[in-house]
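# Structural characterization, general
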Amino acid sequence: MSTPELTERSRQLINTIAEAVALEAAGGTWKQKHAAAIVGYSPSFLRSSDCPKGLEQGEGIKGRHIIVYIPAEVRAWKAKRFIRMGT
């Protein structure tokens, strides 16, 4: 039996998760795409949720600050949310 080919979306997700793991190992912060890939939620859900976010200096979209996620806080939030859901 052969292994099915990965779709482009699957490759992107694998690359995003690999980037997130490398950033976390280096003590860095995540952008929204990294946090969403790790916790398994859509970026729009994560953005509107109570997931802890931080602001980083810089020029984001439309001149706004850049929103970042601290890996340990995101993982703790996901664990607490998982317990609250009863699963």
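Details of the structure are given in the entry above.
One structure accompanies this document, and this report is about it. Model, not experiment: these values are computed from the prediction.

### Observations concerning the packing of helix H1 (residues 8-25) against helix H2 (residues 32-39)
Running from N to C, H1 and H2 point in directions that differ by 105 degrees, and their axes come no closer than 9 Å. Relative to H2, the element H1 is oriented roughly perpendicular. Along its contact with H1, which presents Leu13, Thr16, Ile17, Glu19, Ala20 and Leu23, the element H2 presents Lys33, His34, Ala37 and Ile38.

### Overview of a nonpolar patch on the surface
A cluster of nonpolar residues, Leu13, Ile17 and Val21, forms a patch on the protein surface that exposes about 200 Å² of accessible area. Within the secondary structure layout, Ile17 lies in helix H1.

### What about H2?
At 3.6 residues per turn, the α-helix brings residues three or four places apart onto the same side. Among all positions of H2, only His34, Ala35, Ala36, Ala37 and Val39 are buried. Positive backbone phi, at 85 degrees, marks Gly40, one or two positions downstream of H2.

### Regarding the side chain of His34
Along the chain, the position of His34 falls in helix H2. Setting aside chain neighbours within four positions, we find His34 in contact with Thr16, Glu19, Ala20 and Leu23.

### Concerning the environment of Ala26
By the element assignment, Ala26 lies in the loop between H1 and H2. Considered as a pair, Ala26 and His65 are 39 residues apart in the sequence and their alpha carbons are 22 Å apart.

### Quick notes on the nonpolar core
Counting residues in hydrophobic clusters, the biggest one holds 11 residues: Ala20, Trp30, Ala35, Ala36, Val39, Tyr41, Leu46, Cys51, Tyr69, Val74 and Trp77. Counting only elements with at least two residues in this core, the list comes to H2 and helix H4 (71-84). When residues of this core are assigned to their parent elements, the largest contribution, three residues, is made by H2. Beyond its immediate sequence surroundings of up to four residues, Leu46 is in contact with Gln32, Ala35, Ala36, Val39, Cys51, Lys53, Tyr69 and Trp77.

### A short note on the pattern of salt bridges
The tally for this structure, following the rule as stated, stands at three salt bridges. Residue Glu8 pairs with Arg11 through a salt bridge whose shortest N-O separation is 3.3 Å. One end of the pair, Glu8, and the other, Arg11, are both in helix H1, three residues apart, so they sit about a helical turn from each other. Judged by its relative accessible area of 49%, Glu8 is partly exposed. Ionic pairing is found between Glu24 and Arg75, a salt bridge with its closest N-O pair at 2.8 Å. You can see Glu24 sitting in helix H1 and its partner Arg75 sitting in helix H4, a full 51 residues away along the chain. Taking relative accessible area as the criterion, Glu24 reaches 29% and is therefore assigned partly exposed.

Conventions we followed
- Numbers given for residues are sequential positions, taken from 1 along each chain in its written order.
- Owing to the predicted nature of the model, reporting of local features is limited to residues with pLDDT of at least 70; listing and counting of side-chain atom pairs is limited to 80 or more, with chain, interface and lining totals taken over all residues.
- To obtain the side-chain values, all non-hydrogen atoms of the structure were used and water was disregarded.
- To define axes, lines are fitted to C-alpha atoms, for helices over the stretch in contact only, and angles between the resulting N-to-C directions are given on a 0 to 180 degree scale.
- The numbering of helices and of strands both runs from the N terminus, where a helix is a DSSP run of H or I of at least 4 residues and a strand a run of E of at least 2.
- With respect to orientation, any angle under 35 degrees is reported as roughly parallel, any angle over 145 as roughly antiparallel, any angle of 65 to 115 as roughly perpendicular, and every other angle as oblique.
- The contact criterion used throughout is that any non-hydrogen atoms of two residues lie within 4.5 Å.
- Only residues above 30% relative accessible area that lack a salt bridge enter a patch, with like-charged residues linked at up to 9 Å and the nonpolar side chains Val, Leu, Ile, Met, Phe, Trp and Tyr linked at up to 5 Å.
- Method for areas: the Shrake-Rupley scheme with a 1.4 Å probe, in which residue coverage is limited to the protein chains shown.
- Whenever a carboxyl oxygen of Asp or Glu lies within 4 Å of a side-chain nitrogen of Lys or Arg, that contact is scored as a salt bridge.
- Throughout this description, buried means an accessible area under 20% of the type-specific maximum (1.4 Å probe, protein chains only), exposed means over 50%, and partly exposed covers the range between.
- In plain words, nonpolar cores are sets of buried Ala, Val, Leu, Ile, Met, Phe, Trp, Tyr and Cys residues tied together by side-chain atoms within 4.5 Å.

In short, the description is geometric, and any link to function would need to be established separately.
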